[in-house]
Amino acid sequence: MSYEYDDQNIFAKILRGEIPNDTVMETEHTLAFRDISAQAPVHVLVIPKGPYVCYDHFALEASDAEIVDFTRVIGEVCKAEGVQEGGYRVISNAGRAGVQEVPHLHVHVLGGRNLGRMLAKG
Ligand code: 5GP
């Protein structure tokens, strides 16, 4: 499949500095910032700076340097946000079935409370 990236999506605008964000950390290839509508005491979004639509797009086409950097930032966010001990959840929604709202790859890092079962039934 070929991936079509819409550079008008909200996270592309955040990356271009057109919309403000509450940055947690930033590296050469990756930005981590707080979700505007937090669903847990810790709710950080980690995004690659490159134009990747979803997780499989990134995993299949990003460079090794981007993948290493992105993965490392997720670990650093867990550490910085203090969720390693108490536990956390990393989620990436993709496409229609995954109910992805913003078409730029993002991983949600959630923690700071009991997050319940992974999926609601039905
Ligand atoms: P998705 O459903 O695509 O996995 O999640 C998109 C997430 O982006 C949602 O949790 C939503 O609250 C968050 N979000 C949408 N617009 C903005 C924004 O302008 N700023 C920030 N920080 N988060 C946003």
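Residues numbered from 1 in each chain as written. Predicted model: local features only at pLDDT ≥ 70, side-chain atom pairs only at ≥ 80, totals over all residues. Heavy atoms only, no water.

## Digging into the site of the ligand
The condition that has to hold: We call a residue near a molecule or strand when any one of its heavy atoms sits within 4 Å of it. Side-chain atoms alone can form a polar contact between residues adjacent in sequence; in general such a contact is a pair of N or O atoms within 3.5 Å, and within protein one must be able to donate a hydrogen while the other accepts it. Only the protein chains shown count as cover for residues, and all accessible areas are computed by the Shrake-Rupley method using a 1.4 Å probe. Both site types are read off a 1 Å grid over the protein atoms alone. A 1.4 Å probe that fits but cannot get out defines a cavity, while an open set with protein on both sides within 12 Å along at least five of seven lines defines a pocket; lining residues have an atom within 4 Å of a point. Throughout, a molecule is located in a cavity or pocket provided that more than half of its atoms lie within 2 Å of its grid points. Runs of H or I in DSSP of at least four residues are treated as helices and runs of E of at least two as strands, each being numbered from the N terminus.
Contacts to the ligand come from 16 residues, most closely from D35, N93, E101, H106 and H108. Interatomic distance of 2.5 Å between a side-chain N/O atom of D35 and an oxygen atom of the ligand. A distance of 2.8 Å is found between an oxygen atom of the ligand and a side-chain nitrogen or oxygen belonging to H108. For the ligand, the accessible surface in isolation is 530 Å², of which the surrounding protein chains cover 87%. Taken atom by atom, the bulk of the ligand overlaps the largest pocket. Those elements giving two or more residues to the shell around the ligand turn out to be α1 (10-15) and β2 (30-34). The greatest single-element share of the shell around the ligand, amounting to 3 residues, is contributed by α1.

## Points about the nonpolar core
Definition in use: We call a set of buried residues a nonpolar core when its members are Ala, Val, Leu, Ile, Met, Phe, Trp, Tyr or Cys and they connect through side-chain atoms within 4.5 Å of each other. Each residue is placed in one exposure class: buried if its accessible area under a 1.4 Å probe, protein chains only, is under 20% of its type's maximum, exposed if it is over 50%, and partly exposed if it falls in between.
By size, the foremost hydrophobic cluster in this structure holds 16 residues, and its most contacted members are V44, V46, F70, V77 and V109. Those elements that provide at least two residues to this core are β3 (42-48), α3 (64-80) and β5 (107-111). Membership of the second largest hydrophobic core comes to 7 residues, among which are F11, L31, F33 and V102.

## Brief notes about the sheet that holds β3
Keep this limit in mind: Strands pair, by our definition, only if DSSP identifies at least two bridges between them. Think of each axis as a best-fit line through the C-alpha atoms, taken over the contacting stretch in the case of a helix, with angles from 0 to 180 degrees between the N-to-C directions. When checking whether two residues touch, look at their non-hydrogen atoms; a contact exists if any pair is within 4.5 Å.
What the 5 strands build is an open sheet, ordered β1-β2-β3-β5-β4; its pairing is antiparallel. Looking along the sheet, the strands with just one partner apiece sit at the ends: β1 (23-26) and β4 (88-91). The average undirected angle you get between the axes of adjacent strands in this sheet is 15 degrees. Across the sheet, α3 lies against β1, β2, β3, β4 and β5, angled at about 165 degrees from β3, the strand it touches most.

## A few points about the layout of surface pockets
Condition: Grid points are joined across faces, edges and corners, and a volume is the space filled by probe spheres set on the points. For this scheme, ten residues count as nonpolar: Ala, Val, Leu, Ile, Met, Phe, Trp, Tyr, Cys and Pro. Four count as charged, namely Asp, Glu, Lys and Arg, and the remainder, Gly too, count as polar.
Roughly 860 Å³ of internal volume is contained in the largest pocket. The wall of the largest pocket is formed by 32 residues, among which D35, Q39, H43, L45 and H108 lie closest to the centre. Every element with two or more residues in the lining of the largest pocket is listed here: α1, β2, β3, β4 and β5. Among the elements that take part in the lining of the largest pocket, α1 stands out by supplying 3 residues, more than any other. Here the lining of the largest pocket is built from residues that sort into 16 nonpolar, 9 polar and 7 charged.

## Details of the pattern of salt bridges
Using the following cut-off: Within this document, salt bridges are pairs made up of a side-chain nitrogen of Lys or Arg and a carboxyl oxygen of Asp or Glu, the two lying within 4 Å of each other.
Enumeration according to the criterion identifies 4 salt bridges in this entry. Across the salt bridge formed by E18 and R16, the nearest N and O atoms sit 2.7 Å from each other. On the basis of relative accessible area, E18 is assigned to the partly exposed category, the value being 49%. Among the residues examined, R16 registers a relative accessible area of 42% and is labelled partly exposed. Through salt bridges with shared partners, a single network forms among D22, R34 and E81.

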